[in-house]
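# Commentary on secondary and tertiary structure
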Amino acid sequence: MKPLKDILREMIALEGPITVERYMSLCLRHYYATRDPLGSGGDFTTAPEISQMFGELIGLWMLEVWNGMGRPAPCRLVELGPGRGTLMADLLRATKLLPDFKNAATVHLVETSPSLRRKQQEALTPSGFSLHWHDRIEDVPSGPTLLVANEFFDALPVRQFVGTERGWCERLVGLDDERLIFGLRSEPEPALGKPLRLGDILEWPAASIDVMSEFARRLKHDTGAALILDYGYWGPAFGDTLQALKGHRFADPLEEPGEADLTTHVDFHRLAQAAVAGEARAHGIVTQGDFLQALGIVARATTLKARATPAQAAGIDHALARLTERGPTGMGDLFKVLAVTHEGIATVPGLPTLSPSS
Ligand code: SAH
């Protein structure tokens, strides 16, 4: 197969520069379709891969919300971007506490990568739940829904605009000889108005807003809740958050297209706005550390350690520290948690309710 870098060079030479959004979209599709990016041999590690406690606590969150919804049956349990299926496997195990849940729930995995779909099937078939795969959230059947997305929204492409004297100009990827370089469209985007400061970068997560708006649309007919965990911030903010990760190290986003993971930081404010605009209710945001502590991760670790060997107990302590670590690079602070629910659901565990104006 021809390397994506060569395909992109030919495409740009023929059609001219492409938007950052199109570049990300082409790279990410190739990247996720051709590998398992997770774990020590891959490019990055995620919370469910660090410890079973993460998925278990989310499972208990789902049970409590399902109970509060009046135990609807059937209920769609949806995961966006399930990776190796680890989070869902841990989550489903925790839901055994309420045996009725298994009779009510059907599991829907929104995943584009065929190789990761196979891994998910291996991880989840032993659970005995009925499993379904979909390419897009739009394809999941209607009905009461519980949805989880961990490190999914950061993997969706964004548009980027740079503040210039002419206005906000879209950032492009072009060619300098054989090398991929960033450039700018000369015409500004009038709908975005004038930038306050030259050189600012504005990220517009159109794909993420579409997913959130679709979820809110579903909540108009059926009750439901979504739990979103990712690294990000409460905007508005300006800056270039596009980053590439290869073998657990930061890389140049243009250096190895389709061979490195490309992500941006999630603007939770925009996600919440899209939900509220669709008449859904937003809850949060809190840091992952605060959320997991509110759900009882310390007590869960103590219970697990009571049955563990000394080496396993040290592993549990290490995982607990990693998932809740504070500071600008600690997962406990860098990752944030937002829930979006039907407007009739006033509270969810571990998260304050946001007022519609915030
Ligand atoms: N949630 C997992 C994996 C995160 S990696 C975990 O926490 O470990 C991102 C996941 O999203 C992968 O499973 C990837 O294949 C999937 N993905 C990326 N872009 C997607 C898209 N546009 N539609 C559906 N799934 C996508």
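Up top you'll find the structure we're talking about.
My aim in this report is to walk through the structure given alongside it, one point at a time. (Residues numbered from 1 in each chain as written. Predicted model: local features only at pLDDT ≥ 70, side-chain atom pairs only at ≥ 80, totals over all residues. Heavy atoms only, no water.)

## Quick look at the environment of R84
The residue R84 is located in the loop between β2 (75–80) and α5 (86–94) in this model. By relative accessible area, R84 is classed as partly exposed at 26%. Taking the C-alpha atoms as reference, R84 lies 18 Å from K246; in sequence the two are 162 residues apart. With residues near it in sequence (within four places) discarded, R84 still touches D36, L38, G39, E49, K119, Q120 and A123. (Helix = DSSP H or I, 4+ residues; strand = E, 2+ residues; numbered from the N terminus. Buried < 20%, exposed > 50% of the residue type's maximum accessible area, 1.4 Å probe, protein only. Contact = heavy atoms within 4.5 Å.)

## Considerations on the packing of helix α4 (residues 52–68) against helix α11 (residues 297–306)
Two elements in contact, α4 and α11, have axes separated by 11 Å at closest approach and are oriented at 120°. It follows that α4 is oblique to α11 by the angle criterion. The hand of the α4/α11 crossing is right-handed. Facing Q52, M53, E56 and L57 of α4, the residues of α11 in contact are I297, R300, A301 and L304. Looking at the contact of α4 with α11, its residues break down into five nonpolar, one polar and two charged. (Axes fitted to C-alpha atoms, helices over the stretch in contact; angles between N-to-C directions. Parallel < 35°, antiparallel > 145°, perpendicular 65-115°, else oblique. Left-handed = near helix turned anticlockwise from the far one by under 90°. Nonpolar A, V, L, I, M, F, W, Y, C, P; charged D, E, K, R; others polar.)

## What to know about empty space enclosed by the protein
The final tally for this structure, using the stated rule, is two cavities of 30 Å³ or more. Looking at the largest cavity, its volume works out to about 80 Å³. Lining the largest cavity we find F153, V158, E203, P205, S208, Y233, T264, H265, V266, D267 and L271. The space that makes up the second largest cavity amounts to roughly 50 Å³. What lines the second largest cavity is L80, I137, L147, F153, V211, M212, F215, A226 and I228. Here the lining of the second largest cavity is composed, by residue class, of nine nonpolar, no polar and no charged. (1 Å grid on protein atoms, 1.4 Å probe; cavity = no way out; pocket = protein on both sides within 12 Å on 5 of 7 lines; lining within 4 Å. Points joined across faces, edges and corners; volume = space filled by probe spheres on them.)

## Some remarks on the site of the ligand
Contacts to the ligand come from 18 residues, most closely from T46, G81, G83, E111 and N150. Contact distances for the ligand include 2.9 Å between an oxygen atom and a backbone N or O atom of G83. At 2.8 Å from a nitrogen atom of the ligand is found a main-chain nitrogen or oxygen belonging to N150. When each cavity is represented as a set of grid points, the ligand is found to reside in the largest pocket. Partitioned by chemical class, the residues of the shell around the ligand number nine nonpolar, six polar and three charged. (Near = heavy atom within 4 Å. Polar contact = N/O pair within 3.5 Å; in protein donor to acceptor, adjacent residues only side chain to side chain. Sits in = over half its atoms within 2 Å of the grid points.)

## Remarks on the packing of aromatic side chains
Centre-to-centre distance and the angle between the planes together describe a pair of aromatic rings. A complete count under the given rule lists six aromatic pairs for this structure. Look at W66 and F101: their rings are 5.1 Å apart centre to centre, the planes differ by 85°, and that puts the pair in the edge-to-face class. Highlighted residues: W66 in helix α4 and F101 in helix α6 (residues 100–104), separated in sequence by 35 residues. Per residue, the accessibility class of W66 equals that of F101, and both read buried. A centroid spacing of 6.5 Å and a plane angle of 55° characterise the contact between F101 and F129, whose relative ring orientation is tilted. (Phe/Tyr/Trp six-rings, centres within 6.5 Å; stacked < 30°, edge-to-face > 60°.)

## Quick look at helix α9 (residues 268–277)
For α9, a buried count of seven out of 10 residues is recorded, marking the element as mostly surrounded by other parts of the structure. Within α9, the full set of buried residues consists of F268, H269, R270, L271, A272, A274 and A275. Capping the start of α9, D267 holds a side-chain oxygen 3.0 Å from the backbone nitrogen of H269, two or three residues further along. One or two steps after α9, the chain reaches E279, where phi turns positive at roughly 65°.

## With respect to the packing of α4 against α5
Packing of α4 against α5 brings their axes to within 7 Å, and their N-to-C directions diverge by 50°. Judged by the angle between their axes, α4 and α5 are oblique. The two elements α4 and α5 meet at a crossing, and its hand is right-handed. Across the interface between the two elements, Q52, F54, G55, E56, I58, G59, L60, M62 and L63 of α4 pack against L87, D90, L91, R93 and A94 of α5.

## A closer look at helix α1 (residues 4–15)
Its 12 residues place the ends of α1 16 Å apart at the C-alpha level, agreeing with the 16 Å of an ideal helix rising 1.5 Å per residue. Those residues of α1 that sit buried are L4, L8, R9, M11 and I12. Take α1 and look down its axis: the buried residues cluster within an arc of 165°, on one side only. Of the exposed residues in α1, the ones pointing more than 90 degrees away from its buried face are A13 and L14. Buried residues along α1 sit against β1 (18–19), α2 (20–33), β7 (167–176) and β8 (179–188). (Expected span 1.5 Å × (residues − 1). Arc of directions from axis to C-beta.)

## Things to note about the sheet that holds strand β12 (residues 249–251)
Across the sheet, three strands lie side by side as β12-β11-β13; this open sheet has antiparallel pairing. Looking at which strands have only one partner, the edges of the open sheet turn out to be β12 and β13 (261–263). Between one strand and the next, the sheet's axes are offset by a mean angle of 40°, whatever the strand orientation. Pairing of strand β11 (residues 243–246) with β13, which is carried by three bridges, proceeds in the antiparallel orientation. Residue A244 lies in a different strand from β13, and its bridge partner there is L262. (Pairing = 2+ DSSP bridges.)

## A look at the layout of surface pockets
Considering only enclosed or pocket space, the largest pocket measures out at about 980 Å³ in volume. Contributing to the lining of the largest pocket are 37 residues, with T112, D135, F152, A155 and L156 lying nearest its centre. Of all elements in the fold, only α2, α3 (47–50), β2, α5 and α8 (206–219) reach the threshold of two or more residues within the lining of the largest pocket. It is α2 that provides the largest number of residues to the lining of the largest pocket, a total of five residues. Tallied by class, residues from the lining of the largest pocket come to 19 nonpolar, eight polar and 10 charged. Counted as a void, the second largest pocket has a volume near 520 Å³. L245, T329, M331, L334 and F335 are the residues nearest the centre of the second largest pocket, which is lined by 20 residues in total.

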